[in-house]
Amino acid sequence: MKAKAAFIALLIGMIGLVGFGNTTDLDDNSKCVDNFSILIKNDMLNIDWYIEFKTKGERYQLALMAECEIISSVDNLSDTATIVLPEAVMNEVLQLEGKVERGTEVLIKLGYDNDLQTEFVGYVQDVTVNDSSLKILCEDSLFLFRKGVADIEMKPTSLPKVAQYLINQIDPSFTLKCDYDINYEKFTIHQATAYDVLKKLQEETKANIYFNAEKKELHIHSPYLEKGGEALYSMQYNIESSSLEYKNKLDSKVEVTIESTDIKGNVRKVVSGTTGGDKVTLKVGAMDQASMKRIANAEVLKQSAAGYEGTYDTWLIPMVKPTYSARIKDEDYPDKTAYYYVKSVTTTVSEAGGVRTITPGIKLS
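Criteria and cut-off values
- Residues numbered from 1 in each chain as written.
- Predicted model: local features only at pLDDT ≥ 70, side-chain atom pairs only at ≥ 80, totals over all residues.
- Heavy atoms only, no water.
- Helix = DSSP H or I, 4+ residues; strand = E, 2+ residues; numbered from the N terminus.
- Expected span 1.5 Å × (residues − 1).
- Buried < 20%, exposed > 50% of the residue type's maximum accessible area, 1.4 Å probe, protein only.
- Contact = heavy atoms within 4.5 Å.
- Core = buried A, V, L, I, M, F, W, Y, C linked by side-chain atoms within 4.5 Å.
- Salt bridge = Lys/Arg side-chain N within 4 Å of Asp/Glu carboxyl O.
- Pairing = 2+ DSSP bridges.
- Axes fitted to C-alpha atoms, helices over the stretch in contact; angles between N-to-C directions.
- Phe/Tyr/Trp six-rings, centres within 6.5 Å; stacked < 30°, edge-to-face > 60°.
- Lys NZ or Arg CZ within 6 Å of the ring centre and 35° of its normal.
- 1 Å grid on protein atoms, 1.4 Å probe; cavity = no way out; pocket = protein on both sides within 12 Å on 5 of 7 lines; lining within 4 Å.
- Points joined across faces, edges and corners; volume = space filled by probe spheres on them.
- Nonpolar A, V, L, I, M, F, W, Y, C, P; charged D, E, K, R; others polar.

Caption draft 1: Seen up close, helix α5 (residues 289-304). Look at α5: 22 Å from first C-alpha to last across 16 residues, which is about the 22 Å you get at 1.5 Å a residue. Turning to α5, its buried residues are S291, M292, I295, A296, A298, E299 and V300. Close packing links the buried residues of α5 with β14 (183-189), α4 (194-205), β20 (254-261), β21 (267-273), β22 (278-284) and β23 (286-287).

Caption draft 2: Up close: the environment of I328. Along the chain, the position of I328 falls in strand β26 (residues 325-329). Between the C-alpha atoms of I328 and A231, which are 97 residues apart in sequence, the distance is 8.9 Å. The contact partners of I328, leaving out residues within four places of it in the chain, are Y233, M235, I239, L244, Y308, Y312, K336, T337, A338, Y340 and P360.

Caption draft 3: The arrangement of helix α3 (residues 159-170) in detail. In this model, α3 (12 residues) spans 17 Å end to end at C-alpha, consistent with the 16 Å of a helix rising 1.5 Å per residue. Turning to α3, its buried residues number three or more, namely L159, V162, A163, Y165, L166, I167 and I170. Where α3 is buried, its residues touch β11 (152-154), β12 (157-158), β13 (175-178), β14, α4 and β16 (217-221).

Caption draft 4: Focus on the nonpolar core. Counting 44 residues, the largest nonpolar core has F145, L198, L201 and L218 as its most contacted members. When contributions to this core are tallied by element, the ones reaching two or more residues are α3, β14, α4, β15 (208-212), β16, β20, β22 and α5. No other element matches the 7 residues that α3 contributes to this core. Non-local contacts of L201, meaning those with residues more than four positions away in its chain, are made with L159, V162, Y184, F187, K206 and I209. Counting 27 residues, the second-largest nonpolar core is a separate cluster that includes L85, L96, V100 and F120.

Caption draft 5: Spotlight on the pattern of salt bridges. Considering all chains together, one arrives at 9 salt bridges under this definition. E153 is the salt-bridge partner of K155, the closest N and O atoms lying 3.7 Å from each other.

Caption draft 6: Structural detail: the environment of V345. If you trace the backbone, V345 turns up in strand β27 (residues 338-350). A residue is classified by how much of its surface remains accessible, and V345, at 3% relative accessible area, is buried. The sequence separation of V345 and I71 amounts to 274 residues, and the corresponding C-alpha distance is 6.1 Å. Ignoring any residue separated from it by four or fewer positions in sequence, one finds V345 in contact with I70, I71, S72, V320, K321, P322, R356, T357 and I358.

Caption draft 7: Spatial organisation of the sheet that holds β15. Pairing is mixed across the open sheet formed by 3 strands, whose spatial order is β13-β16-β15. Looking at which strands have only one partner, the edges of the open sheet turn out to be β13 and β15. Sheet twist, expressed as the mean angle between neighbouring strand axes with direction ignored, is 15°. Relative to β16, β15 runs antiparallel, the two sharing 5 bridges. Of the residues in β16, the one forming a bridge with F211 is L218. Packed on one face of the sheet, α3 meets β13 and β16 and runs near 160° to β13.

Caption draft 8: Here's a closer look at the packing of aromatic side chains. Under the defined criterion, the tally for this structure stands at 9 aromatic pairs. Taken together, a centroid distance of 6.0 Å and an interplanar angle of 80° make the contact between F174 and F211 edge-to-face. Remark: F211 occurs in strand β15 and F174 occurs in the loop between α3 and β13; sequence separation between them is 37 residues. As far as the burial class goes, F174 and F211 line up, both buried. Relative to Y340, the ring of Y308 has its centre 5.1 Å away and its plane inclined at 50°; by these criteria the two rings are tilted. Within this pair, whereas Y308 is found in strand β24 (residues 307-309), its partner Y340 is found in strand β27, the two being separated by 32 residues in sequence. What makes Y308 buried here is its relative accessible area of 10%. The structure contains a cluster of three or more aromatic residues connected by ring pairs, namely F145, F174 and F211. Between R146 and the ring centre of Y195, over which it is positioned, the NZ or CZ distance is 4.3 Å. Directly above the ring of F187 sits K200, whose terminal nitrogen or CZ lies 4.9 Å from the centroid.

Caption draft 9: Structural context of the layout of surface pockets. By volume, the largest pocket is sized at about 710 Å³. Lining the largest pocket are 28 residues, with D79, Y210, F211, N212 and K321 sitting closest to its centre. Looking at the lining of the largest pocket, the elements with two or more residues in it are β4 (67-73), β9 (115-130), β15, β16 and β27. It is β9 that provides the largest number of residues to the lining of the largest pocket, a total of 4 residues. Looking at side-chain class alone, the lining of the largest pocket contains 11 nonpolar, 8 polar and 9 charged residues.

Listed below in structure tokens is the structure:
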């Protein structure tokens with residue numbers, strides 16, 4: 001396979017880190033599904049990657065890699081990346097000291113034939129040695145928010161106001177992008193990190209909370225409503241393997257109860273869904289009833305919407321991320337062609353090539 005041969009040649013010919021050199025980003029050229037699949041199957045495209053580290057004002061380009069995995073999901077607060085290097089090459093130990101350490105900035109681009117897309121921007125969490133290999137563990141801008149924030153009691157307040165307080169405490173250069181209007185009668189922060197607070201907000205509101213590290217943005221959105229982009233897939237052309245199973249859920253019924261204790265100690269409940277259905281109970285902070293209803297309705301949609309369950313594997317093109325709308329087509333079952341909300345994407349590059357494992361969520365249309 002040409003992609004594999006090119007990768008191995010790079011692995012053998014280049015060792016460790018090299019000084020930063022200028023790179024030219026190429027325009028993203030869209031390729032139609034069937035033509036692209038022909039190129040892949042005929043080994044006409046070479047896998048390419050570019051990884052850059054920035055430490056103390058110095059930039060270094062990685063010239064050696066065994067594997068890189070990037071995990072992104074609306075269910076996680078952060079995107080993570082794991083870069084795997086051999087501990088030594090040709091009996092020469094790789095020297096990363098002073099170049100790659102905790103807090104080092106990371107940029108990862110992937111693609112074919114020098115047509116690269118930015119896949120990950122973040123920071124090094126840790127460098128570990130395991131089974132004769134080095135692993136560089138990375139996290140997006142959530143890494144910066146793992147710091148303590150000052151105790152405060154906010155009442156009344158809202159989800160955007162709490163998030164803005166965290167930004168002001170950690171790094172005011174971040175911009176908040178929030179369209180999820182959840183109101184709290186009271187919200188207390190006590191001996192917590194900004195990460196702890198974001199996790200609590202996500203657990204209570206079921207919001208999509210994530211960072212755009214490239215633009216320095218903290219995003220908070222109502223689940224399943226934000227559209228990040230669009231990608232087209234075909235079972236016959238650009239889906240390599242699949243464990244998808246269609247669930248119409250016509251007979252699925254769910255009853256969601258949201259429980260909240262107000263500032264006077266009174267327990268309030270809001271119920272949504274179908275009476276007598278599978279019962280789901282979620283406990284939240286001191287919220288108003290309208291906010292509780294929004295959360296309940298979102299959970300009903302998640303539990304009862306028809307769609308595929310499972311995952312499918314494809315290549316690096318087309319670009320796809322969580323929040324994208326993915327059209328999945330099967331020519332054997334054309335009536336099932338529809339758009340699905342992309343819930344998570346795991347992208348892996350190794351000597352075997354590039355693979356995206358995609359988990360679709362609810363059916364959009």
